[in-house]
Structures are given as structure tokens and as C-alpha cells.
Amino acid sequence: MKRTGISGMKFSPQRGRFGALSAVAVLMVIPMYGDRDAGARDLTTMAPASAANARVGALFKGDLDGGHFCTASVVQSSGRDLIVTAAHCLPPDESEGGKAVFVPAYRDGTAPYGTWPVETVYADDAWNEDGDQDSDVAFAVLGPGSDDGKKVEDVVGGAPLFAGRATGKPVTVTGYPGDTEYPQVCTNTADAYGDKQQRIDCPNFPGGTSGSPWAVDGGAVAGVIGGYEFGGDDPDVSYSIVFGQHTKSLYKLAESAGDPRPVAPEPSPTPAAAAPEPAVASGDVTSDQAITCACLLP
């Protein structure tokens, strides 16, 4: 099992914080995580330093001296302070209140953008109470950054989420193996694994890569390494749960806990216009049409 880059870690079930709140739509077209040669498939290489890859980071125990043990990535939120990872990476009693920190774009012992403490972790009750492998995803609200207290999304940006299977189309996975100091990246086609999970063949994604984002065309995160056997029992094959209604509700709950969205000024009256096309909310990523919007809607 992949779990984390720290051997022997025990994950204690905690009482859940799962619930559903009002809908929040996210719309953005952003670069794909793991910028690389689009023609390269089934190969794992060092991820280049880029604006897109800066949204992916390593999780550390306390500070950079504590060693990195999992991967996480910044997702768009109204509070601009949210990351997504695998639930098994952040047991609340070992992570909240700054016991774990997120370091975006970590490379070779450096934190080029600073560090952000994990304040609160949100995981599904099915994971917290029973360790359900079909619920292995968590969102975490981050505290102020080490550089002038900035919000993480204001510094490195964030990705939207896609709710649905990422099967039959290219998926790019970017993560931090526990025995390396640089992020690794691989692109391949994802396959279905049962009704609630998906898998991808990418070599050399061992312990430490749990929580690595699965980015589909358009940059949206459609999964994280986790799920079956905490991400897989083979470093060359990785798994993720399928983001569905539970993930949507969990995201909304976590987002509501962050700082509120700034109030926008009232727009000036304008002539009536045609209603915009509805955003893509969910579904399988199986058509030839590239995803340019990935939204979490009711």
C-alpha cells in the first residue's frame, strides 16, 4: 500500500464533519498540472518548475525538518485557502492546528512560495468511522502563509474540481515520492476500477505520492492517489476514488469553513442578454471534447 512516506503511521478514526451546504460553482480554464510533453505516455519523469505545477506541494510534519509524507494540491475556493489530498494522509489528531504543513512547489529542501499550516481537516464519515476505501479523500483549510500571511491560492492559484470518472482520456498525475526531493509526473489513460474507483498505470509512484492530484484536460482535479489499498499495492499502478456527490458536499462544507468570499460591488444595469451556456457539472471524461470547465454544482 502506498499510504505515506513515513512508515508505521497509525491512522485513528475520528468523528466526522461531513455535511452538505449551498452550492458553489467554479469556472476557470487553467494550465494542466504536470506540464510536460503531451506525447509522453506511461513514463514518470521529474516535473518541471512551472506556474501550473506550483499548485502541487508536499505535506510535512510540523516544518521542513519533519520530512514530507504525502502530496496535496490547491483547489479553488471562496476563502482561497483549501487543499485536497487523500483522507489517509491527514488524520485530524495528527494534522490539525499546524501539526502538518503544506509546501507548494517544494524542491530540494526549499519552500519557494512559503509554507501553510493545516488548520482543519474535512473527511467523509464513512472514512472517519470505518476507513471506507471508497471515501479516501479529504479537504483541508490552511492557515495564513509564512510570507506575510498570504492566502495560498492568492500566491500559487488553484484548480477547479471535476465530479465524475476520468476514464478513457489522458490523466496527469503529479506527486512527491517519499524518497525524493522533487515532484514526479506521469500522463496516461485512466481506467475504471469497480463502480467507485479508477486506476492508472504510471511507474514509480511509491509511498509519499498518496494525495497526488489527477488532472484531466483543462487542469481540473478529478481524483487523488488513494482509495484501494491506500493508493495501491504496486508502485507502478495508482488508484483514486471517483469524485461524486459525497465529494461535492464535502468540498462545500470545507469551503464554507474558510474565510468568506469578498462581497462584489453591485454591477451597473445592462441590457438583457441571452443566458450563458450551463457549465459542465459532472460526468465521465470520455468524449473527444476537451474539458474547459469543471464545476461543483448541486
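Residues numbered from 1 in each chain as written. Predicted model: local features only at pLDDT ≥ 70, side-chain atom pairs only at ≥ 80, totals over all residues. Heavy atoms only, no water.

## Let's talk about the nonpolar core
So, point 1. One finds Leu59, Ile83, Leu90, Phe102, Val118, Leu142 and Val152 to be the most contacted residues of the largest nonpolar core, which totals 25 residues.
So, point 2. Not counting the four nearest positions on each side in its chain, Val152 is found in contact with Val74, Arg80, Asp81, Leu82, Phe102, Trp116, Leu142 and Gly157. (Core = buried A, V, L, I, M, F, W, Y, C linked by side-chain atoms within 4.5 Å. Buried < 20%, exposed > 50% of the residue type's maximum accessible area, 1.4 Å probe, protein only. Contact = heavy atoms within 4.5 Å.)

## Digging into the sheet that holds strand E2 (residues 56-61)
So, point 1. Taken together, the six strands give a closed barrel; going around it, the order is E2-E3-E4-E7-E6-E5, and neighbouring strands pair in antiparallel fashion. In this sheet, neighbouring strand axes are inclined to one another by 45 degrees on average, regardless of whether the strands run parallel or antiparallel.
So, point 2. As defined by bridge partners, strand E4 (residues 82-85) adjoins strand E7 (residues 138-142) across four bridges and the pair is classed as antiparallel. Residue pairing for E7: Leu82 is matched across the bridge by Val141. (Pairing = 2+ DSSP bridges. Helix = DSSP H or I, 4+ residues; strand = E, 2+ residues; numbered from the N terminus. Axes fitted to C-alpha atoms, helices over the stretch in contact; angles between N-to-C directions.)

## Things to note about the pattern of salt bridges
So, point 1. Applying the stated criterion across every chain yields a total of four salt bridges.
So, point 2. Among the salt bridges present, the one from Glu94 reaches Lys61, with a minimum N-O distance of 3.9 Å. Residue Glu94 is located in helix H1 (residues 92-95), and its partner Lys61 is located in strand E2; the two are separated by 33 residues in the primary sequence.
So, point 3. Relative accessible area serves as the criterion here: at 23%, Glu94 is assigned to the partly exposed category.
So, point 4. The salt bridge involving Asp201 is made with Arg199; its shortest N-O contact spans 2.6 Å.
So, point 5. Residue classification places Asp201 among the partly exposed residues on the basis of a relative accessible area of 30%.
So, point 6. With a relative accessible area of 22%, Arg199 lands in the partly exposed category.
So, point 7. Salt bridges sharing partners connect three or more residues here, namely Arg80, Glu153 and Asp154. (Salt bridge = Lys/Arg side-chain N within 4 Å of Asp/Glu carboxyl O.)

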